[in-house]
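Overview (structure and organization)
One-letter residues, chain by chain:
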Amino acid sequence: MDLIQVSQERCIRCGICAEICPTGSIIIENQMPQATERNCIACGHCVAVCPVAAIDNVKAPLAKQLPLENVPVLDAETAARFLRSRRSIRRYKENPVPREKIVQLLDMARLAPSGGNTQGVAYLVIDNAEILGKITAATVDWMEEQLKKGSAWAQYYSRVVETYHQTGQDVILRNAPCLIVAMTAKDFHPRGRDNTHFSLAYAELYAPAIELGTCWAGFFEGCASANYQPLLSILNLPENMVVTGGLLVGFPKYTYQRLVDRKPLQVSWWG
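A few points on the structure.

Parameters and conventions
Residues numbered from 1 in each chain as written. Predicted model: local features only at pLDDT ≥ 70, side-chain atom pairs only at ≥ 80, totals over all residues. Heavy atoms only, no water. Core = buried A, V, L, I, M, F, W, Y, C linked by side-chain atoms within 4.5 Å. Buried < 20%, exposed > 50% of the residue type's maximum accessible area, 1.4 Å probe, protein only. Helix = DSSP H or I, 4+ residues; strand = E, 2+ residues; numbered from the N terminus. Contact = heavy atoms within 4.5 Å. Lys, Arg positive; Asp, Glu negative; His and termini not counted. Salt bridge = Lys/Arg side-chain N within 4 Å of Asp/Glu carboxyl O. Pairing = 2+ DSSP bridges. Axes fitted to C-alpha atoms, helices over the stretch in contact; angles between N-to-C directions. Phe/Tyr/Trp six-rings, centres within 6.5 Å; stacked < 30°, edge-to-face > 60°. Lys NZ or Arg CZ within 6 Å of the ring centre and 35° of its normal.

Here we look at the nonpolar core
- By size, the foremost hydrophobic cluster in this structure holds 32 residues, and its most contacted members are Leu179, Phe220, Leu231 and Leu235.
- Among the secondary structure elements, those contributing two or more residues to this core are helix 5 (129-148), helix 6 (154-167), strand 6 (178-185), helix 8 (218-225), helix 9 (229-235) and strand 8 (241-250).
- For this core, the element with the highest residue contribution is helix 5, accounting for six residues.
- Each residue touching Leu231, except ones within four places of it in the same chain, is listed here: Ile135, Ala138, Thr139, Phe220, Cys223 and Ala224.
- Counting residues in each nonpolar core, the second largest holds 16 residues, with Val97, Ile102, Ala182 and Phe251 among its members.

Considering the side chain of Arg87
- The residue Arg87 is located in the loop between helix 3 (76-84) and helix 4 (99-109) in this model.
- Although buried, Arg87 forms no salt bridge, and the nearest oppositely charged side chain, Glu204, lies 9.7 Å from it.
- Not counting chain neighbours up to four residues away, the residues in contact with Arg87 comprise Thr214, Tyr256, Val260 and Arg262.

Structural notes on the pattern of salt bridges
- Taken as a whole, this structure holds seven salt bridges when the rule is applied.
- The shortest N-O distance in the salt bridge between Glu204 and Arg86 comes to 3.2 Å. Of this pair, Glu204 sits in helix 7 (residues 189-206) while Arg86 is found in the loop between helix 3 and helix 4, placing the two residues 118 residues apart along the sequence.
- The closest approach of N and O atoms between Glu221 and Arg193, which form a salt bridge, is 2.9 Å. Taken together, the residues span a long stretch of sequence, with Glu221 in helix 8 and Arg193 in helix 7 at a distance of 28 residues.
- Residue Glu221 is classed as buried on the basis of its relative accessible area, which comes to 6%.

Focus on the sheet that holds strand 6
- The strand order 5-6-8-7 describes an open sheet built from four strands, whose pairing is antiparallel. Bordering the open sheet on either side are strand 5 (122-126) and strand 7 (213-216), each of which pairs with just one other strand. Between one strand axis and the next, the sheet turns by 30 degrees as a mean value, whatever way the strands run.
- Sheet topology places strand 5 next to strand 6; five bridges connect them, and they run antiparallel. Paired with Ala122 across the two strands is Met183, which belongs to strand 6.

So, the packing of aromatic side chains
- Applying the stated criterion across every chain, the model contains five aromatic pairs.
- Judged by centre distance (6.2 Å) and plane angle (20 degrees), the ring pair of Trp153 and Tyr157 falls under stacked.
- Following the ring pairs from residue to residue traces out a cluster consisting of Trp142, Trp153, Tyr156, Tyr157 and Phe219.
- The aromatic ring of Tyr256 is capped on one face by Arg87, whose charged end is 5.8 Å from the ring centroid.

Focus on the pairing of strand 8
- Burial runs high along strand 8: 10 of the 10 residues are buried.
- Looking at chain direction, strand 6 and strand 8 are connected through eight bridges and run antiparallel. The residue bridging Ile180 from the neighbouring strand is Leu247, located in strand 8.
- Here strand 7 pairs with strand 8 via four bridges, running antiparallel.

Spatial relationships are all this shows, so hold off on functional conclusions.
Given below as structure tokens:
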């Protein structure tokens, strides 16, 4: 089957589909879109941009695209407040998160941008309290090893380890009822890690819309990225996969009342 199909009746010969194609997979010949031998990355731009729905692409079917005509565009103030209201949640209710909500969350995360539309992120969801406790303990053990080795992060880790042993607080996973472990193929790791962070950013921005709170599991990710075998044994990942991110998920225990400020903008102009 050809890469693209064009409706002769609907096509208005505007050429936009070829103009916006990022890889030159579509050109205009005899005033009609034609597929080339260049690699299509299945981004779907050609189909999505057509003003008369005249083009279809086997890698990004028209039937799976949703019309945007009734989707409101946020005004600048609403968008700014939405983005600024994102908070890292470190205190959760004890309620378990229904798995259908996690699926809803990740179904949005998979739509995030990725380098060259490579995507490639898979997810392991852990909502078993016993396993989560083992992950926390293993991460603390790794931190203690880093302290003995004189890690550059020693001063930071020492406070975390001390708090864990003296108070029993879960300073790694924050007693979250759910941990999303993102992973990609080992041979895709550098780009896969970037793609992972794009996807988890989508997840954390979408989470409040379905009553969830999130927090990046940075200590966990650091431990996994260091290939700490006790942790990897708990996760039992497929042999060809590597951890590229972690996200805590649960129902927020508290509600924030104000928008927090950040450091002043730093920007330079050249030219």
